[in-house]
Amino acid sequence: MAYRRSVYIKAKNILDERRRKAENEQEQRRAAAVAVCPEIEEAEREMAAFAAEAIKSISMGEDAKGFVLSLSEKNLKAQEKRKAALLKAGFPEDYLDIKYTCPVCNDTGSHAGYYCKCYTELIRQTAKDELGVAPSMKKCTFENFDTSLYSDEADSKLSVSPRQLATGTLRFCKSYAEKFSSESCNLLLTGKTGLGKTHLSLAIANKAIERGFDVYYASIHTVMDALQKEQFSREKITESISDRLYESDLLILDDLGAEFSTQFTVASLYNIVNTRINSGKPMIISTNLSLSELEERYSQRVTSRIIGTSERLLLIGTDIRQKKKS
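Residues numbered from 1 in each chain as written. Predicted model: local features only at pLDDT ≥ 70, side-chain atom pairs only at ≥ 80, totals over all residues. Heavy atoms only, no water.

1. Here we look at the pattern of salt bridges
Going through the model one piece at a time under the given rule, you end up with 13 salt bridges. Between Arg20 and Glu17 there is a salt bridge whose closest N-O contact spans 3.0 Å. Linking Arg20 with Glu17, this pair stays in helix H1 (residues 5-36), spanning three residues, or about one helical turn. With its nearest N and O atoms 3.8 Å apart, the salt bridge here joins Arg30 to Glu41. Within this pair, whereas Arg30 is found in helix H1, its partner Glu41 is found in helix H2 (residues 39-54), the two being separated by eleven residues in sequence. (Salt bridge = Lys/Arg side-chain N within 4 Å of Asp/Glu carboxyl O. Helix = DSSP H or I, 4+ residues; strand = E, 2+ residues; numbered from the N terminus.)

2. A closer look at the environment of Met283
Summarising the element assignment, Met283 is placed in strand S6 (residues 283-287). Taking the relative accessible area as the measure of exposure, Met283 reaches 2% and is therefore buried. Here the alpha-carbon distance between Met283 and Tyr115, two residues 168 residues apart in the chain, equals 30 Å. Dropping the residues within four chain positions of it, Met283 is found in contact with Asn186, Leu187, Leu250, Leu251, Val273, Arg276 and Ile277. (Buried < 20%, exposed > 50% of the residue type's maximum accessible area, 1.4 Å probe, protein only. Contact = heavy atoms within 4.5 Å.)

3. Digging into the packing of H1 against helix H4 (residues 117-130)
Orientation of H1 relative to H4, taken along the N-to-C sense of each, is 125°, at an axis distance of 9 Å. The orientation of H1 relative to H4 falls into the category oblique. For the pair H1 and H4, the crossing hand works out as right-handed. When H1 is examined against H4, the residues Ser6, Val7, Tyr8, Lys10, Ala11, Lys12, Ile14, Leu15 and Arg18 are found in contact with a partner set consisting of Cys118, Tyr119, Leu122, Ile123, Thr126, Ala127 and Glu130. Considered class by class, the residues forming the contact of H1 with H4 number ten nonpolar, two polar and four charged. (Axes fitted to C-alpha atoms, helices over the stretch in contact; angles between N-to-C directions. Parallel < 35°, antiparallel > 145°, perpendicular 65-115°, else oblique. Left-handed = near helix turned anticlockwise from the far one by under 90°. Nonpolar A, V, L, I, M, F, W, Y, C, P; charged D, E, K, R; others polar.)

4. What to know about the layout of surface pockets
In this model, the largest pocket occupies a volume close to 340 Å³. Across the lining of the largest pocket, the residue classes break down as seven nonpolar, six polar and five charged. (1 Å grid on protein atoms, 1.4 Å probe; cavity = no way out; pocket = protein on both sides within 12 Å on 5 of 7 lines; lining within 4 Å. Points joined across faces, edges and corners; volume = space filled by probe spheres on them.)

5. Focus: the packing of aromatic side chains
Following the criterion strictly, the structure yields six aromatic pairs and no others. Plain terms: the ring middles of Phe91 and Tyr95 are 4.6 Å apart, the flat faces sit at 25° to each other, and that makes the pair stacked. Judged on exposure class, the residue Phe91 and its partner Tyr95 are both buried. Taking 4.9 Å as the distance between ring centres and 85° as the angle between the ring planes, the aromatic pair formed by Tyr115 and Tyr119 counts as edge-to-face. Given the relative accessible area of 51%, Tyr115 is considered exposed. Feature note: the residues Tyr176, Phe180 and Phe213 constitute an aromatic cluster, connected by ring pairs. (Phe/Tyr/Trp six-rings, centres within 6.5 Å; stacked < 30°, edge-to-face > 60°.)

The following block contains the structure:
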């Protein structure tokens, strides 16, 4: 269980940029302060000289303690001298301090031998950003999945209301996300358009990423376009989509059935599904198609692999997106 290497690198680059920015801004403030008050630079030269003198203590043996104490007292006086010069010139006493974004690790990403909280949060956010649906993910949480938008009138065929089904599906998805592991089952989210399948898929992705799992989320249309480009285009591919499809801890394929169906897409879908099943890697598939429509579109061979290895979750009712807008 780990994020991709590129996630850690991007997060570290952001930290490095924050640190450079903070240090550059401090240098600019220092130049402005010294221009107004040269005594500041004089005090800093004294502080630097005392620091250089302290190196001598390494070879002084028993005399080192007294020598270092004397230098420490002189250094404190020089610091007070600089502080007084700053205040006299009208600057706050902390004006020359470096204002790091994270005062705990000073934007290095580590503290006391461990990853700093700022770095772990940045890693999680970078992992979400790499999915390409970060704005949508912020809106799609379990907390704002509103089951009151579904009708509480029982469906004549299922003898259960859309709200009851939505409530049960929400409960299952939340538990699935909280307990997600490499041993988790596959999910097949079915139901007509606008019933919350994508919302629940992204909510699961959110939780899985926060718990340190590598998630790849994409619409089936995007996946098939990328696979065709990877196989048939002469352009150089910087990153293989196949690696993401087969190696991610959790694969989420959204809107199965929305792509243009060809022999290539059907064969590719079977390859994705079969490879992940054989390697024991969980996946979530959402579709607007019924089970019979899936079989008609993708053949019994493909559909049986999906249905036979997945927990099916059904949402029914009418499109709730208009209700959300109003």
